[in-house]
Amino acid sequence: MVTGAAEAEQQEQWLRVAVAGLLGIIVLWSAGSGNAPALGVWYVPVVALAHFQDSRPFICRITLLALLALWFGCFWSAPPDQPSGHPLLHCLGVSLALLAVHAVGRHYFRRCRRELAAAEALHQRQTDIDVLTESLPLHIWTASPGGQLEAVSRRFLPVTGRLREDILADWTILLHPDDRERTVARWQHSIETGEAYENEVRFQAVDGRYIWHLVRAVPERDAQGNILRWLGSAQDIDHIHALRAQAQALAERMQNTLESITDALFALDANYRFTYVNAKAAAMLGHPRNELLGRSIQSVLEKGGSNPFVRHCRHALETQRLLHVQEWYTNQKLWLDIRLYPSKEGLTVYFLDITRQREEEMELRLLRTAVSRLSDIIMITEAEPLDEPGPRTIFVNEAFERITGYRKDEVLGRSPRFMQGPETQRHELDRIREALERYQPVRAQVINYKKSHQPFWLEIDIAPIADARGRYTHFVSVERDITESKEMARQLQHALRMEGVGLLTGGIAHDFNNLLTVVLGNADMLAEALDDDAELAPLARMIVQAAGRGASLVRSLLAFARRQSLTPEAVAVDALVRELLPILEASLTQRHQLELHVEGPLWAAYVDRGQLESALLNLVINARDAMAGSGTLTLTLANTTLDEAYVRTHEDVVPGDYVMVAVSDTGTGIAPEYLDRIFEPFFSTKSIGHGSGLGLSSVFGFVKQSGGHIAVASELGRGTTFRLYLPRSLHQAAGQAGDGAVGSAGTAGQRILVVEDDEGIRRLAVQYLEQAGYRTQVAPNGEVALELLDREGAPDLLFTDVVMPGALSGPLLAHAARQRFPALPVLYASGNADVTNLLAGEHGGNERFLAKPYRREQLLAQVAALLGQEAGRGLQS
């Protein structure tokens, strides 16, 4: 098929042939007729016809050929009979005509062709614009200067389903009812002011839906600025509105989310100004949200000084790096977990109040530290299985390793049952299992075994642990090593038993002393009265001897009960033992060997010298009896200090410095079941008739009454060691003092007030004193004695029992008497009370103590000593 361009080119070719042909015909015709100048005028239309060719070379060639043909014919065919000027003028005129046609034709046809090309280009552009307009997602429309719609693009018609005439007649019928008033008012404003129009409206589609469009219009003006028409467009933005609605809904959901979260969130711009603050952040920052927006964070938080929050924000924004910090803020009194997310536009800050979390972490850390530092064992096991192999251990603290000797990795994953042994109580284990099967707490005391196979006592408190669903998953047990407390309880029980026996013994001894005082005193007088009677005198002396042995027995009981009269002093124990060695060696047999070891210079001990000697002799005799055939007895003397660790495992021991005296034998030893009873009165492992059972009791009482401590260690078949811990004296030991003079007899007739609740002893004392020449007054108790003092005045001596019925004991009576008569001498008597402390006060030189049972000579010697000190000194009344 031949295209339009090919047809145009073919037509031009035919035109060129036609022009050339006509030119040839005219040339031939001129030559044939012989009148070329006359026919030359026909060259003019040929040249004119050549201008229909849009080819300058072709037009120029035709014009030149026509001129050449004209002049050639002129000279060739000129008749000889005509003048030569006439054809020349004719040819010249035709030539001018040809040149004029050439010039005019060239100008005219060029212009015509330009206009035609412009028209064709305009038509093409219009065609292109129409195609482009139809292809764009826009609806094009035009309106008159008054706003009347003139044209609308074809693609808008199928969208609305309406005819072009209807739309041009009234375009407002397409608007949503809610948009009409606003849209018309806005269009009218643009028409009146000439301002560009832009508005978002909803057009009704063919299916009845309303579709959002962005409508724009700009005025087209002439050179004077008058509006020629309005050029407008309408763009479908329904999808943008849908996206905008979705974005709005998303933004609202995001806003609601940000407002509802418990964490604080705010945003800053590049100048550190608040652009967003949620409710939680506003509350934590301490300002209403409307006050924060637009303000800089420095103005809010840095009042009065630098704020670490601001520093972190500045650092994150300057470095453009994510920052995560946890810090304590004093002003808010909060721990905050802060995350800062920087960008070029600003900073998003997310922070969470972790104060409670930090407190819980601190509590957990403290709990872990406390659990690890506890002296009690904490153990956690799984709840199942209770049958073999038993629940697995999943946690033990450091106390477990310290107490049992097992490392943590040696017990984790194993059942705690591996620590049980032959002495573990089966009945306690059954009771524990019964409670665990019911998931009930249980407490028990059982014997377990350490890694060293040493048994030890544990007090176990087990409780079940349930998860959130109430299912019991684990058991936690708190286990305390009560081996020491068990031992201390045993010792305390033993001490309480000993104390009870001591109280009973002391009470009996007191009553026995009162009886023995009467018996011994009357036996003495009876023996004196029957001294000349050979038959009765031996009987009276036997009574005196029996009463004396009874008094000795009571003294041993009082020693055990710690109620004997002691006179403690600073004693050089090594010197005392060396002085006593001959007696100790004499108490042994030739088959026994005695060794003495003194470890370094010894401190002085604060004890009663005589009682210490008696205690050592007692222990040596017991050791001799324990070594039936032969053996070695060793005395060891040394300084020692009993510290707090020792005190914790030994009842009623005071920490401090002591002089230790150890008596060790190589005898048969003492059975373990007897060790707790060896110090009890009348208890003895010897056969009947060998020993009274009071030797060790009196040693025990003496040491305890002296403020010391006694310990015994024994092994069957290997011997026994008694260790006496005697309190250290702060003074140097003095030389052994001799017995001082009792004192001279007092002046006969001196008055003595005798206060004694026991009538037999009272009569006996009065008889002793009156036989010696003293005058006596008697009172059965302290109240009667005070009445006598107030009525009769001051006696020369107050002789009073220590323990008496009523409100006034002997010491209280003496105190009341001395308030009346300060220089009154006092003689105390008692069957069980240690009144050494009474003699150490400000009246220590003016008072004495007489132990029951006493003999006549002892009583008179003490009275004479006290009254002798008062000789020549008047009593104050």
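Conventions used here
Residues numbered from 1 in each chain as written. Predicted model: local features only at pLDDT ≥ 70, side-chain atom pairs only at ≥ 80, totals over all residues. Heavy atoms only, no water. Core = buried A, V, L, I, M, F, W, Y, C linked by side-chain atoms within 4.5 Å. Buried < 20%, exposed > 50% of the residue type's maximum accessible area, 1.4 Å probe, protein only. Contact = heavy atoms within 4.5 Å. Helix = DSSP H or I, 4+ residues; strand = E, 2+ residues; numbered from the N terminus. Phe/Tyr/Trp six-rings, centres within 6.5 Å; stacked < 30°, edge-to-face > 60°. Lys NZ or Arg CZ within 6 Å of the ring centre and 35° of its normal. Pairing = 2+ DSSP bridges. Right-handed = clockwise from strand over helix to strand, strands pointing away. Expected span 1.5 Å × (residues − 1). Patch = residues over 30% accessible without salt bridge, like charges linked within 9 Å, V, L, I, M, F, W, Y side chains within 5 Å. Areas by Shrake-Rupley, 256 points an atom, 1.4 Å probe, with all protein chains shown as cover. Salt bridge = Lys/Arg side-chain N within 4 Å of Asp/Glu carboxyl O. pLDDT = per-residue confidence, 0-100. Axes fitted to C-alpha atoms, helices over the stretch in contact; angles between N-to-C directions.

(A) Just the nonpolar core, in detail. One finds Val573, Leu612, Leu616, Leu633, Leu724 and Leu726 to be the most contacted residues of the largest nonpolar core, which totals 36 residues. Setting aside anything within four residues of it in sequence, one finds Leu612 in contact with Val573, Leu576, Val607, Phe702 and Leu726. Counting 29 residues, the second-largest nonpolar core is a separate cluster that includes Ala282, Cys313, Ala316 and Tyr329.

(B) View of the environment of Ala279. Tracing the backbone through its elements, the reader meets Ala279 in helix H10 (residues 279-285). With 13 residues separating them along the chain, Ala279 and Phe266 place their C-alpha atoms 9.5 Å apart.

(C) The arrangement of the packing of aromatic side chains in detail. One pass over the structure, following the stated rule, counts 10 aromatic pairs. When the ring of Phe156 is compared with that of Phe203, the centres are 5.7 Å apart and the planes differ by 75°; the resulting orientation is edge-to-face. You can see Phe156 sitting in helix H6 (residues 156-160) and its partner Phe203 sitting in strand E3 (residues 197-204), a full 47 residues away along the chain. For the residue pair Phe156 and Phe203, the accessibility class agrees, reading buried in each case. Ring plane angle 85° and centroid distance 5.0 Å describe the contact between Tyr406 and Phe418, whose orientation is recorded as edge-to-face. Of this pair, Tyr406 sits in the loop between helix H15 (398-404) and helix H16 (408-411) while Phe418 sits in the loop between H16 and helix H17 (426-437); the two residues are 12 residues apart in sequence, bridging distant segments of the chain. Residue classification places Phe418 among the partly exposed residues on the basis of a relative accessible area of 22%. Through a chain of ring-to-ring contacts, three or more aromatic side chains come together here, namely Trp141, Trp187, Tyr197 and Trp230. Its end group placed over the ring of Phe456, Lys450 keeps NZ or CZ at 5.5 Å from the ring centre. We note Arg728 situated over the ring of Trp603; from NZ or CZ to the ring centre the distance is 4.1 Å.

(D) A look at the pairing of strand E26 (residues 826-830). The buried count for E26 comes to 5 of 5 residues, which makes it a mostly enclosed element. Burial along E26 is two-sided: Val826, Tyr828 and Ser830 and Leu827 and Ala829, pointing in opposite directions, are all buried. Direction of pairing for strand E25 (residues 797-801) relative to E26: parallel, over a ladder of 4 bridges. Looking across to E26, one finds that Phe799 is bridged to Leu827. Between E25 and its parallel partner E26, the chain crosses via helix H26 (residues 810-820), and the hand of that crossover is right-handed.

(E) Up close: helix H21 (residues 609-626). The terminal C-alpha atoms of H21, which comprises 18 residues, lie 26 Å apart, in line with the 26 Å expected from a rise of 1.5 Å per residue. All of the buried residues along H21 are Arg609, Leu612, Ala615, Leu616, Asn618, Leu619, Val620 and Ala623.

(F) Here's a closer look at a nonpolar patch on the surface. Together, Leu64, Leu65 and Leu68 line one region of the surface with nonpolar side chains, adding up to about 300 Å² of accessible area. Looking at the element boundaries, Leu68 is found in helix H4 (residues 56-76). For Leu68, a relative accessible area of 53% corresponds to the exposed category.

(G) Focus on the confidence of the model for the protein. Overall, the predicted model of the protein reaches an average pLDDT of 77, with 73% of residues at or above 70. In the model, residues 736-746 has pLDDT below 50 throughout and makes 13 contacts with residues more than four positions away in sequence or in other chains.

(H) Expanded view of the sheet that holds strand E21 (residues 709-715). The sheet built from 5 strands is open, its strands ordered E17-E19-E20-E22-E21 with mixed pairing. Strand pairing shows two members of the sheet lacking a second neighbour, strand E17 (592-599) and E21, which therefore form its edges. Strand-to-strand twist of the sheet, defined as the mean angle between neighbouring strand axes without regard to direction, takes the value 15°. Two strands pair when backbone bridges link them, and strand E20 (residues 656-664) and strand E22 (residues 719-727) are joined in this way by 7 bridges, in the antiparallel orientation. What sits directly across from Val661, in E22, is Leu724.

(I) Representation of the pattern of salt bridges within the structure. The final tally for this structure, using the stated rule, is 27 salt bridges. Among the ionic pairs, Asp409 bridges to Arg407, the shortest N-O distance being 3.2 Å. Its salt-bridge partner being Asp461, residue Arg443 comes within 2.9 Å of it at the nearest N-O pair. Placement of Arg443 in strand E13 (residues 442-449) and of Asp461 in strand E14 (residues 455-466) is noted, with a sequence separation of 18 residues between them. Given a relative accessible area of 53%, Arg443 falls into the exposed group.

(J) Quick look at the sheet that holds E26. Pairing is parallel in the open sheet, where 5 strands are placed in the order E24-E23-E25-E26-E27. Looking at strand neighbours, the two that pair on one side only are strand E24 (775-779) and strand E27 (847-851), the edges of this open sheet. Taken pair by pair, the neighbouring strands of this sheet meet at an average axis angle of 20°, ignoring direction. On top of the sheet, helix H25 (residues 782-792) reaches strand E23 (751-755) and E24; it is set at about 155° to E23, its chief contact. Against the sheet, H26 engages E23, E25, E26 and E27, with an angle of about 155° to E25.

(K) A look at the environment of Glu198. Residue placement: Glu198 occurs in strand E3. Classification of Glu198 as partly exposed rests on a relative accessible area of 45%. Separated by 35 residues in the primary sequence, Glu198 and Ser233 place their C-alpha atoms 9.7 Å from one another. Filtering out sequence-adjacent residues up to four positions away, Glu198 remains in contact with Arg186, Leu214, Val215 and Arg216.

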